[in-house]
Amino acid sequence: MRDFAVVEQTTEVPVSQVHAWLMRKEILLVDVRETNEFEVEHINGAVLLPLSRFDADAFPALPGTRIVMHCAVGKRSEAARKMLAKAGHADVLNMTGGLTAWKAAGYETEVE
């Protein structure tokens, strides 16, 4: 007899997958770093919603849209992802390693 354990759906996604989705315009990439961080360097196509002013209840419902959160290393974006999930938003993921992992993988950023 097999033991059918329930496996929790992962909420982390590697930068390689985020890059592929972003190139195909299949996601909304949300940067939760602060404005001054974003102005120095950011991922082209990311939308800025700083965690310090983040309001999960005011986040628009986007049926059928995969949302990927990111920050510098993944801690703030995971907090924002949890807030969105608690507010009832589905299909919200966290980019593993944040902008640091993005750059380590060799992907481009926009530098102001």
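Counting restarts for each chain: residues are numbered from 1 in the order of the written sequence. For this predicted model, a pLDDT threshold of at least 70 governs which residues receive local features, and a threshold of 80 or more governs which side-chain atom pairs are given and counted, while totals over whole chains, interfaces and linings are taken from all residues. By convention in this description, side-chain values take in all heavy atoms of the structure and omit both hydrogens and water.

Novice: Would you mind going over the packing of aromatic side chains with me for this structure?
Specialist: Two descriptors summarise a pair of aromatic rings, namely the distance from one centre to the other and the angle between the planes of the rings. Ring geometry is summarised as follows: Phe, Tyr and Trp rings, the Trp one being its six-membered ring, pair when their centres sit within 6.5 Å, and such pairs are stacked at plane angles under 30 degrees, edge-to-face over 60 and tilted between the two. Across all of its chains, the model carries two aromatic pairs by this definition. Look at Phe54 and Phe59: their rings are 6.2 Å apart centre to centre, the planes differ by 40°, and that puts the pair in the tilted class. Here Phe54 and Phe59 have matching classes, each one buried. Considering the side-chain rings of Trp102 and Tyr107, the 5.0 Å spacing of their centres and the 50° angle between planes classify their relative orientation as tilted. Each residue is assigned to one of three classes by its accessible area relative to the maximum for its type, calculated with a 1.4 Å probe on protein chains only: buried under 20%, partly exposed between the two thresholds, exposed over 50%. On the basis of relative accessible area, Trp102 is assigned to the buried category, the value being 2%. Judged by its relative accessible area of 21%, Tyr107 falls in the partly exposed class. Here Arg66 stacks its cationic end above the ring of Trp21, 4.1 Å away from the centre of that ring. Charges are assigned to positions over rings by a cutoff of 6 Å between ring centre and Lys NZ or Arg CZ, combined with an angular limit of 35 degrees from the ring normal.

Novice: What is the right way to read helix α3 (residues 75-86) from this model?
Specialist: Structurally, the α-helix is built with 3.6 residues per turn, so residues lying three or four positions apart point the same way. Under the scheme used here, helices are H or I runs from DSSP no shorter than 4 residues and strands are E runs no shorter than 2 residues, and both carry numbers assigned from the N terminus. A helix is expected to span 1.5 Å multiplied by its residue count minus one. A rise of 1.5 Å per residue sets the reference length of α3, with its 12 residues, at 16 Å; its end C-alpha atoms lie 17 Å apart and thus fit the reference within 8%. Burial in α3 covers these residues: Ser77, Glu78, Ala80, Arg81 and Leu84. Relative to the axis of α3, the buried residues are bounded by an arc of 160° and lie together on one face. For α3, the exposed residues lying more than 90 degrees away from the buried face are Lys75 and Lys86. Looking at the buried side of α3, the elements it contacts are β1 (12-13), β5 (66-70) and β6 (92-95). Along the arc lie the directions from the helix axis toward the C-beta atoms. By definition, residues are in contact when any of their heavy atoms lie within 4.5 Å.

Novice: So what exactly am I meant to see when it comes to the side chain of Ser77 here?
Specialist: Counting through the fold element by element, Ser77 comes out in helix α3. The buried category is assigned to Ser77, whose relative accessible area is 0%. Identification of polar contacts relies on pairs of N or O atoms within 3.5 Å, with a donor-acceptor requirement for protein atoms, meaning one able to donate a hydrogen and the other able to accept it, and with residues adjacent in sequence counted only if both atoms are side-chain atoms. A polar atom in the side chain of Ser77 sits 3.3 Å from the backbone oxygen of Gly74. What Ser77 contacts, discounting residues up to four positions off in sequence, is Val32, Met69, His70, Cys71 and Asn94.

Novice: Quick question: what am I supposed to make of the pattern of salt bridges here?
Specialist: Charged atoms that come close allow side chains of opposite charge to pair. One speaks of a salt bridge when a side-chain nitrogen belonging to Lys or Arg is within 4 Å of a carboxyl oxygen belonging to Asp or Glu. If you walk through the whole model with that rule in mind, you get six salt bridges. The salt bridge involving Glu41 is made with Lys103; its shortest N-O contact spans 2.9 Å. Within this pair, whereas Glu41 is found in strand β3 (residues 41-42), its partner Lys103 is found in helix α4 (residues 98-104), the two being separated by 62 residues in sequence. Judged by its relative accessible area of 15%, Glu41 is buried. One salt bridge in this structure joins Glu78 and Arg81, with 2.9 Å as the shortest N-O distance. Taken as a pair, Glu78 and Arg81 lie in helix α3 at a separation of three residues, close to a single helical turn. Relative accessible area serves as the criterion here: at 10%, Arg81 is assigned to the buried category.

So far we have only geometry, and geometry alone does not tell us how the molecule works.
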